[in-house]
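Structure at a glance
Here are the chains, one letter per residue:
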Amino acid sequence: MGNKTAGDHPQDVDAFGAPPNVCRAQREGAIGIFDSGVGGLTVFQAVAARLPDEPIVYLGDTARVPYGTKSPETVVRYAQSCAGILLARGVKLLVVACNTASAFALDALRASVEVPVIGVVEPGARAALGRTRNRRIGVIGTSGTVSSGAYLRAIRALSPDSEVFAQACPLFVPLAEEGWTEGEVPRAVAREYLRPLLNNAIDTLILGCTHYPLLARTIGAVSGPGVTLVDSAAETAQAVAATLEDLGLRAQSTGPARREFLVTDAPEVFTRVAKRFLDAELHNVEWVDF
Ligand code: DGL
């Protein structure tokens, strides 16, 4: 299904605007979103806002977080396990909200699952290219994301003469989870991490990690007004909407859509930290086996 562009011809669609080979059960399946933990809720929020009528199942792999320090092989294995949990729940499309998993596991997932798979790297690269004026783009992310070179490849594939400067910022993840997003400590950390990028005269900075949007004010203050911050969540949500539309997979139901939250460990910790990400209380976070 991943490579198909259905509904190109008017005679190929049914009364719901879907191609005849897309059955109602497929359309009514949920969007599955996974992340190594709680950070992917920034992507969940953007997808839920863009597609309020689409059911969503979110999985946080809290038993195996963090992914950002793990080997590519391990991240691929964890990502496949997360995809398996969501596919068993009948999801119609997978969103890899985790930048590290998008960087290492997207190709492996696309080759092994039957539903469309959307990561955050390509939408982030596209958004950055839409905003840069000097084509000097900074990328910050986990050690894994930076060492993968995934953003560099995605940007260069669209704009071969763009310059990309990447910096791992591992301390931003615990800072965001602890709620230390503003003040002396995060500002000092941001200054250290961002100095090499700012010395390279970037005008655009990709927040290439699920947690970094929570630190956007601090990162923005340190970067200064000449640097545009890019959060791939909104762009990813747009890619999800376009893919569902193209494949005739948009849900037809009206009214409030189902939102489910699954974790592989400690639902109460997820619920507590999720409050910082969503500004809302989650109820009934389900603990699933993996
Ligand atoms: N979700 C990860 C990412 O966006 C950050 C946390 C982790 O290291 O697992 O890369």
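These notes cover the structure that comes with them. (Residues numbered from 1 in each chain as written. Predicted model: local features only at pLDDT ≥ 70, side-chain atom pairs only at ≥ 80, totals over all residues. Heavy atoms only, no water.)

The next subject is helix 7 (residues 150-158). Buried within helix 7 are the following residues: A150, Y151, A154 and I155. Taken end-on, helix 7 shows its buried residues confined to a sector of 125 degrees, consistent with a single buried face. Among the exposed residues of helix 7, those oriented more than 90 degrees off its buried face are R153 and A157. (Buried < 20%, exposed > 50% of the residue type's maximum accessible area, 1.4 Å probe, protein only. Helix = DSSP H or I, 4+ residues; strand = E, 2+ residues; numbered from the N terminus. Arc of directions from axis to C-beta.)

A word on the site of the ligand. Around the ligand, the surrounding shell holds 13 residues, and the nearest of these are D35, S36, Y67, G68 and T100. Within the side chain of S36, an N or O atom sits 2.6 Å from an oxygen atom of the ligand. If the ligand stood free it would expose 300 Å²; the protein chains cover 98% of that surface. Split into classes, the residues belonging to the shell around the ligand amount to five nonpolar, seven polar and one charged. (Near = heavy atom within 4 Å. Polar contact = N/O pair within 3.5 Å; in protein donor to acceptor, adjacent residues only side chain to side chain. Areas by Shrake-Rupley, 256 points an atom, 1.4 Å probe, with all protein chains shown as cover. Nonpolar A, V, L, I, M, F, W, Y, C, P; charged D, E, K, R; others polar.)

This part takes up the packing of helix 2 (residues 41-50) against helix 11 (residues 232-246). It is the contact of helix 2 with helix 11, at a shortest axis distance of 8 Å, that shows an interaxial angle of 50 degrees. Our classification of the angle between helix 2 and helix 11 gives oblique. Regarding helix 2 and helix 11, the two cross each other, and that crossing is right-handed. Only A233, A234, T236, A237, Q238, V240 and A241 of helix 11 make contact with helix 2, whose side of the interface consists of T42, V43, A46, V47 and R50. (Axes fitted to C-alpha atoms, helices over the stretch in contact; angles between N-to-C directions. Parallel < 35°, antiparallel > 145°, perpendicular 65-115°, else oblique. Left-handed = near helix turned anticlockwise from the far one by under 90°. Contact = heavy atoms within 4.5 Å.)

Another aspect to go through is the sheet that holds strand 7 (residues 204-208). Taking strand neighbours across the sheet as the criterion, the four strands line up as 6-5-7-8 in an open arrangement whose pairing is parallel. Each edge of the open sheet carries a strand with a single partner, namely strand 6 (163-168) and strand 8 (228-230). On average, each strand axis in the sheet is inclined to that of its neighbour by 25 degrees, with strand direction left out of account. Across the sheet, helix 7 touches strand 5 (136-141), strand 6 and strand 7, and the angle it forms with strand 6 is around 165 degrees. (Pairing = 2+ DSSP bridges.)

This brings us to the sheet that holds strand 2 (residues 56-60). Reading across from one edge, 4-3-1-2-9-10 is the order of the six strands in this open sheet, with parallel pairing throughout. Pairing within the sheet leaves two strands with one partner each, and these edge strands are strand 4 (117-118) and strand 10 (286-287). Of the pairings in the sheet, the one linking strand 9 (residues 259-263) to strand 10 comprises two bridges and is parallel in character. Note that in strand 10 the partner of V263 across the bridge is W287. Helix 3 (residues 72-87) contacts strand 1 (31-35), strand 2, strand 3 (93-96) and strand 9 of the sheet and is inclined by roughly 150 degrees relative to strand 1.

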